[in-house]
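Summary of structural features
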Amino acid sequence: MQHTGATILRTLLERQGIHTLAGIPGGAILPFYDALHGSRIRHVLTRHEQGAGFVAQGMARVTGRAAVCLATSGPGATNLLTAIADAHLDSVPLVAITGQVSQPLIGTDAFQEVDTYGLTLPITKHNFLVRSIDELLETVPLAFRLAESGRPGPVAIDIPKDVFTACADIVDWPEPGRREATPPCAEAEIDALAALLAGAQRPLLYLGGGVTASGATALVRELAYRIDAPAVTTLNALGTLAADDPLNMGMLGMHGGKGTSLLMREADAIFAIGARFDDRATGKVAEFCPQAAIAHLDIDRAEHGKIRSTTLAIAGDAAEALARLLRRLPAQAKPEWRARAAELRAAHPLRHPPAAEEPLHPVNLIRSLARMLPCDAIVTTDVGQHQMWVAQAYPFDRPHSLLTSGGLGTMGFGLPAAIGAALAAPGRRVVCVSGDGSILMNIQELATLADLGLPVAVLVFNNAHLGLVRQQQELFYGGRYSASRFQSSPDFAAIARGFGLRGVTIDPARDPLGQLDAALAAPGPCLIDIPIRETANVLPMVPPGAANHQTLTEPAIAISHD
Ligand SMILES: Cc1ncc(C[n+]2csc(CCOP(=O)(O)OP(=O)(O)O)c2C)c(N)n1
């Protein structure tokens, strides 16, 4: 039967099991939008292509499966770049499909022509410029296979308009692209790992996003208890161990607890799983875990020894390797080491004023928010102080429940990612915690949220500043505040109403938590603007470039144990 390139792409996506796409049409990709007319694939029309990229990321981060975003050539494609780069740094499986000018026009500075292939080359796992229908049939399944296999990541497919409009008879459709199993590591490597861990007196697990990507959460928990190893997590691995698990030492690095950093210095063996020794996590690398032998299990060989030399580096899938490790690793009780972890955690709690005194202190606010939400709620964040307060104070207890831009740190991530999460996880409550700076970077997606009516609540932690910038200027630039205070502040609740959503401004003087609870309890999407103290800082904080144990804390602030 005769097909156009556009109907072929639609069929390939349907066969791939794609139910939802996010994007914005335009000239070069219009033939594909024409083919979508009447398709069973749902198209979510965002208001900016970056929003489409993050909607797709929200879907992918919740499901672990590749999700798709679409844009036209030129400005449509360039608007997608930040979301693609973001997926690259956080290893999120994303397939970004862009229209391109027809092939005879490529290289002529045609209307809306930009070299999307060249631009996406350094920010994707792989990218394609498709030149024929035959290539399209090969490329689309391959793109999904590449995005999901090994270390997940973004794949870009640029399709010229004349490929969309070309016709061909298709007799045999290719099989959909699927995640390929990673080759198992050698027995000798598992033996060496078991020996290293069995010989350790003070072992510690350093867990990254690869644990979630591999579905290894339960195995990691079993391992921690098998050898009495406390665990630290990166931002993107929060929830791997429940926040209240006695072996969970919380997030490591720049905004991790002081007790966490001190325990890491005492460890004699660090087992890093699916983590990449990012500078925000390690602090000054030369002083990272100076006493420890380091074993590193990562699916991506390129990460081995990239930042920190290791005693043992194993390339493999975390779930597969851990299952084999657990079969031969005997249980080892280490009561003194566990007691030391408990002692350091108790000695260095998160400091914040008592809730009764300052209910809207961000730490108190986040703890109250968690009590108001169901335990399977999904939290997305933007980037800044509010993001770090969420990481420090929200009691995540499962993977895929915090969606945040870790590697790229992209302001504007939170709202569209929340929309994607709500699309991918129907029935689950989704909350986006944002700042008054970040929300403005993709606020147009409130219109998309209004279209869809999803149960997303956007909480704006409003401190009238680019808070994290203000904090750095206070702490490291002698209080010289430069371009971190907003001259004017929009009425966010009114803006939300303008988009057709419920908008609420919390009055701090009248039972603010009661107002928040009521706002969250009402059905449908909403935006809640919450004034917080302008000068509140996220502490602890390791000064950029310093070692993790040189973290700054705020001894003057009262400690509350609620
Ligand atoms: C797109 C982008 N531009 C600039 C930055 C640098 N940056 C990091 S945090 C921050 C301030 C964020 O302010 P806000 O969203 O109000 O959050 P707050 O820190 O006040 O909680 C800025 C400008 C960034 N991360 N992303």
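The structure we're discussing is the one just above.
The sections below set out a description of the structure shown in this document. (Residues numbered from 1 in each chain as written. Predicted model: local features only at pLDDT ≥ 70, side-chain atom pairs only at ≥ 80, totals over all residues. Heavy atoms only, no water.)

Some points on unusual backbone geometry
- Of note, the bond from Leu539 into Pro540 is cis; its omega dihedral lies within 30 degrees of zero at 0 degrees.
- Its identity as a non-glycine residue notwithstanding, Ser91 has a phi of 55 degrees, on the positive side.
- Among the secondary structure elements, Ser91 is positioned in the loop between helix 4 (75-89) and strand 5 (94-100).
- The exposure class of Ser91 is buried, given its relative accessible area of 19%.
- Non-glycine residue Asp511 carries a positive phi angle of around 40 degrees.
- Looking at the element boundaries, Asp511 is found in the loop between strand 19 (502-505) and helix 21 (512-521). (Helix = DSSP H or I, 4+ residues; strand = E, 2+ residues; numbered from the N terminus. Buried < 20%, exposed > 50% of the residue type's maximum accessible area, 1.4 Å probe, protein only.)

Structural notes on the pattern of salt bridges
- As enumerated under the stated definition, the model contains 26 salt bridges in all.
- Two residues, Arg61 and Asp90, come together in a salt bridge whose shortest N-O distance is 2.9 Å. Residue Arg61 is found in helix 3 (residues 49-63), and its partner Asp90 is found in the loop between helix 4 and strand 5; the two are separated by 29 residues along the sequence.
- Classification of Arg61 as buried rests on a relative accessible area of 11%.
- Residue classification places Asp90 among the buried residues on the basis of a relative accessible area of 14%.
- We note a salt bridge from Glu343 to Arg340, for which the minimum N-O separation is 3.2 Å. Of this pair, Glu343 and Arg340 both sit in helix 14 (residues 335-347), three residues apart, which is roughly one turn of that helix.
- Assessed through its relative accessible area of 46%, Glu343 is described here as partly exposed.
- When its relative accessible area of 25% is taken as the criterion, Arg340 is described as partly exposed.
- In this structure, a network of salt bridges that share partners links the residues Glu187, Asp191, Glu320, Arg324 and Arg328. (Salt bridge = Lys/Arg side-chain N within 4 Å of Asp/Glu carboxyl O.)

Observations regarding the sheet that holds strand 15 (residues 378-381)
- Strands sit in the order 16-15-17-18-20-19 across an open sheet of six strands; the sheet is parallel. Two strands close off the open sheet at either side, each with one partner strand: strand 16 (402-403) and strand 19.
- Running over the sheet, helix 16 (residues 385-393) touches strand 15, strand 16, strand 17 (430-435) and strand 18 (456-462) and is turned about 135 degrees from strand 17. (Pairing = 2+ DSSP bridges. Contact = heavy atoms within 4.5 Å. Axes fitted to C-alpha atoms, helices over the stretch in contact; angles between N-to-C directions.)

Focus on the pairing of strand 5
- The buried fraction of strand 5 is high, at seven of seven residues.
- The alternating pattern of strand 5 places Leu94, Ala96, Thr98 and Gln100 and Val95, Ile97 and Gly99 on opposite faces, both of which are buried.
- Taken together, the five bridges between strand 4 (residues 67-71) and strand 5 define a ladder with parallel strand orientation. Paired with Cys69 across the bridge in strand 5 is Ala96.
- Handedness of the crossover is the feature at issue here: the chain leaves strand 4, passes through helix 4, returns alongside strand 5, and the resulting connection is right-handed. (Right-handed = clockwise from strand over helix to strand, strands pointing away.)

Here's the deal with the packing of helix 8 (residues 187-198) against helix 13 (residues 318-328)
- At a closest axis distance of 10 Å, the pairing of helix 8 and helix 13 adopts a crossing angle of 60 degrees. Here helix 8 lies oblique to helix 13, going by the angle between them. Once helix 8 is placed against helix 13, the crossing between them reads as right-handed. Taking contact as the criterion, the partners of Glu187, Ile190, Asp191, Leu193, Ala194 and Leu197 in helix 8 are, on helix 13, Ala321, Arg324, Leu325 and Arg328. (Parallel < 35°, antiparallel > 145°, perpendicular 65-115°, else oblique. Left-handed = near helix turned anticlockwise from the far one by under 90°.)

Things to note about the site of the ligand
- Contacts to the ligand come from 17 residues, most closely from Gln385, Gly409, Gly437, Ser438 and Gly467.
- One nitrogen or oxygen atom from the main chain of Gly437 is found 2.8 Å from an oxygen atom belonging to the ligand.
- Side-chain polar atom of Ser438 to an oxygen atom of the ligand: 2.7 Å apart, as the coordinates give it.
- Within the complex, 77% of the 590 Å² of free accessible area of the ligand lies under protein.
- Only helix 16 and helix 19 (467-476) provide two or more residues apiece to the shell around the ligand.
- The leading source of residues in the shell around the ligand is helix 19, at three residues. (Near = heavy atom within 4 Å. Polar contact = N/O pair within 3.5 Å; in protein donor to acceptor, adjacent residues only side chain to side chain. Areas by Shrake-Rupley, 256 points an atom, 1.4 Å probe, with all protein chains shown as cover.)

A few points about the nonpolar core
- Among the nonpolar cores identified, the biggest contains 47 residues, and Leu446, Leu449, Val456 and Val458 are the most heavily contacted of them.
- Apart from residues no more than four positions distant in its own chain, Val456 is found in contact with Ala418, Ala422, Arg429, Val430, Leu449, Gly524, Pro525 and Cys526.
- Judged by nonpolar contacts, the second largest core, of 36 residues, contains Leu238, Leu369, Val390 and Ala393. (Core = buried A, V, L, I, M, F, W, Y, C linked by side-chain atoms within 4.5 Å.)

Remarks on the side chain of Asp317
- You can see Asp317 is positioned in the loop between strand 14 (312-315) and helix 13.
- At 3.4 Å, the side chain of Asp317 forms a polar contact with the side chain of Ser214.
- At a separation of 3.2 Å, a polar atom in the side chain of Asp317 contacts the main-chain amide nitrogen of Glu320.
- Setting aside its immediate chain neighbours within four residues, Asp317 contacts Arg179, Thr182, Ser214 and Ile299.

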